[in-house]
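Now for the letters of each chain:
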Amino acid sequence: MEFETQNGHLMWDGCDTVALAEKFGTPLYVFSQTMIEEKCQELQRDFVEKYENVRVAFASKAFSTLAMLKIVQQQGFSLDVVSDGELYTAIKADFPAAHIEMNGNNKSIEELAMAIDYGVGRIIVDSLQEVDLIAAIAKEKNKTVDILFRITPEVNVQTHSFISTGQKDSKFGIPIDEAILFPQIQNAIETPEVNFLGFHFHVGSQLFDNHAHLSAVTIALDLVKLVKASFDYTIKELNFGGGFGVQYTDADQPKPFSYFTDPMMEKVLEFCEAEQFPQPAVVIEPGRSIVAEAGISLHTIGAIKELPGLRKYVSIDGGMTDNIRPGLYEAEYTGILANKADDAAVEKVTVSGKACESTDILVKDIELPTVETGDIFATFSTGAYGFSMASNYNKLAIPAVVLTKAGQAEIIVKRQTLDQIIQNEEIPEFLK
Ligand code: LLP
């Protein structure tokens, strides 16, 4: 991993990370606004400005806070939300509702009503009951709702099975089976409260290969043709999801966005020319690839346990509660001692978390300078699905989040207090 140092300390977006740890405490998530904006600018240049009628919707599940959504908004991107909480955060960040797209495989009636009340731009239908549900709510509110169908393109991807979503046997999407999907399409076309725009797919996450996306685009375009032939209906929008891979360790070699988007667009444009079809709007929904590498986590080393001939455990003041990915997906990370950033590695250690769980190992067998209690361990690429999947297991507090920009650093999420951890708890009368 590439990083900058100054006076032996790891620098992040012009800030001394050791000073950040001292000022704000650890565990701490640190996000570089500069790096988030660089990713957005790559997408602007190589996708939004390169093609007509295309959009980027940031998948807010990767990292959703008021400040992050402001950055996304300033980029002119849309936003993908999947729950009332993500929608509420977006509305509280003054995100224009018309630029919000609502996904989710089991949206509740309350969530749909909330989305329709706020006037979200799109609802992506993910189940067989949803069109009727949306129509009933919209009718009551005298509104029409733009919808897409999330389809299951039946492609297999090379990633951890826990984060692959486009295969046939999946809880996500509607199978492309004429007996299942086509009655839904007919229903959508005939229902005045919904405006059927097109199809959505998301094949999986942390992908380095574009084959799954390209096969799914072909499948979606075949469907566009079939819908035209069967219903004389013209699809106006296609959403190709997210899933673009990032670098967690030196073993990961991520590709630029254009490696995915150029051939996808080529397929769409070729299809439109061959079929004399108006170019549908094309939307992508990246989450991880916008924020993962912009974020690091800072932890303080506490207990050090050497098991002679076996392993040396160095424990941090957080772990699976602020980054569940190693425990959940066997995800690999790397890091350095932020306060000894120029020192050569001299020992192999295993960085373990403090949760009561054997899988709470952040990095196994990492070469570091001599590790001492009080050192600051910085883990790279924790910006996506770290804070957003954090938990209070063992009643550990959710860490604070700091945003940096060219030497400035400010808190964007305060550290949870112990009182906040128990604030919703009650003792019933019969126990008193
Ligand atoms: N759109 C839809 C409909 C999705 O389901 C997802 C991710 C995305 C977009 C964004 O995918 P991305 O660009 O971030 O790969 N917690 C897991 C990842 C779960 C992703 C679920 N869906 C992890 O930490 O690896």
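Residues numbered from 1 in each chain as written. Predicted model: local features only at pLDDT ≥ 70, side-chain atom pairs only at ≥ 80, totals over all residues.

- The protein chain carries the name Diaminopimelate decarboxylase in an unreviewed UniProt entry, which gives Enterococcus malodoratus ATCC 43197 as its organism.
- Recorded under Sequence similarities (unreviewed entry), the UniProt text for the protein chain is reproduced unchanged: "Belongs to the Orn/Lys/Arg decarboxylase class-II family. LysA subfamily." (UniProt positions renumbered as here; feature names shortened; annotations may be inferred.)

1. Focus on the overall build of the protein chain
Link 1 in the chain: If you tally the helices and strands in the protein chain, you get twelve helices and 21 strands.
Link 2 in the chain: Taken over the C-alpha trace, the protein chain has a radius of gyration of 23 Å; the compact-globule value for 432 residues is 22 Å, and the two agree within 12%.
Link 3 in the chain: Principal-axis analysis of the C-alpha atoms places the extent of the protein chain at approximately 70 × 60 × 40 Å.
Link 4 in the chain: Buried residues in the protein chain amount to 46% of all 432 residues. (Helix = DSSP H or I, 4+ residues; strand = E, 2+ residues; numbered from the N terminus. Rg over C-alpha atoms; globule rule 2.2 N^0.38 Å. Buried ≥ 20, exposed ≤ 12 C-beta atoms within 10 Å, placed from the backbone.)

2. Side note on the environment of Asp342
Link 1 in the chain: Relative to the assigned elements, Asp342 resides in the loop between strand S16 (335-337) and strand S17 (347-352).
Link 2 in the chain: Owing to 12 C-beta atoms within 10 Å, Asp342 belongs among the exposed residues under this scheme.
Link 3 in the chain: Each C-alpha atom of the pair Asp342 and Lys364 lies 21 Å from the other, and the pair is 22 residues apart in sequence.
Link 4 in the chain: Once residues lying within four places of it in the same chain are set aside, the contact partners of Asp342 are Thr5 and Gly8. (Contact = placed C-beta atoms within 7 Å.)

3. Focus on the pairing of strand S13 (residues 281-284)
Link 1 in the chain: In the sheet, strand S5 (residues 54-59) pairs with S13 via three bridges, with the strands oriented parallel. Counterpart to Arg55 in the pairing with S13 is Val283.
Link 2 in the chain: Sheet analysis places strand S12 (residues 237-239) next to S13, joined by three bridges and oriented parallel. Following the sheet pairing, Leu238 is matched in S13 by Val282.
Link 3 in the chain: Between S12 and its parallel partner S13, the chain crosses via helix H9 (residues 257-275), and the hand of that crossover is right-handed. (Pairing = 2+ DSSP bridges. Right-handed = clockwise from strand over helix to strand, strands pointing away.)

4. What to know about the packing of helix H2 (residues 33-48) against H9
Link 1 in the chain: Interhelical geometry of H2 versus H9 gives an angle of 25° and a closest axis separation of 10 Å. Taken together, the axis directions place H2 and H9 in an arrangement best described as roughly parallel. The element H2 and its partner H9 pack so that their crossing is right-handed. Packed against H2, whose contacting residues are Glu42, Leu43, Asp46 and Phe47, the element H9 presents Phe257, Ser258 and Thr261 at the interface.
Link 2 in the chain: For the contact of H2 with H9, a count of residues per class yields three nonpolar, two polar and two charged. (Axes fitted to C-alpha atoms, helices over the stretch in contact; angles between N-to-C directions. Parallel < 35°, antiparallel > 145°, perpendicular 65-115°, else oblique. Left-handed = near helix turned anticlockwise from the far one by under 90°. Nonpolar A, V, L, I, M, F, W, Y, C, P; charged D, E, K, R; others polar.)

5. Considering the environment of Glu37
Link 1 in the chain: With respect to the secondary-structure elements, Glu37 resides in helix H2.
Link 2 in the chain: Note on Glu37: 17 C-beta atoms within 10 Å, which makes it partly exposed.
Link 3 in the chain: Considered as a pair, Glu37 and Ile290 are 253 residues apart in the sequence and their alpha carbons are 8.4 Å apart.

6. Looking at the nonpolar core
Link 1 in the chain: Core analysis: the biggest nonpolar cluster contains 120 residues, and Leu79, Ile147 and Ala220 have the highest contact counts within it.
Link 2 in the chain: Broken down by element, the residue count for this core peaks at eight residues, all from helix H8 (residues 211-231).
Link 3 in the chain: Leaving out residues up to four positions away in the same chain, Ala220 has contacts with Ile151, Pro153, Phe199, Phe201 and Leu238. (Core = buried A, V, L, I, M, F, W, Y, C linked by C-beta atoms within 7 Å.)

7. Quick look at the UniProt feature "active site" (unreviewed entry) in the protein chain
Link 1 in the chain: Here the UniProt feature "active site" (unreviewed entry) sits at Cys356.
Link 2 in the chain: Turning to its location among the elements, Cys356 is positioned in the loop between S17 and strand S18 (361-368).
Link 3 in the chain: With 9 C-beta atoms counted inside 10 Å, the residue Cys356 sits in the exposed group.

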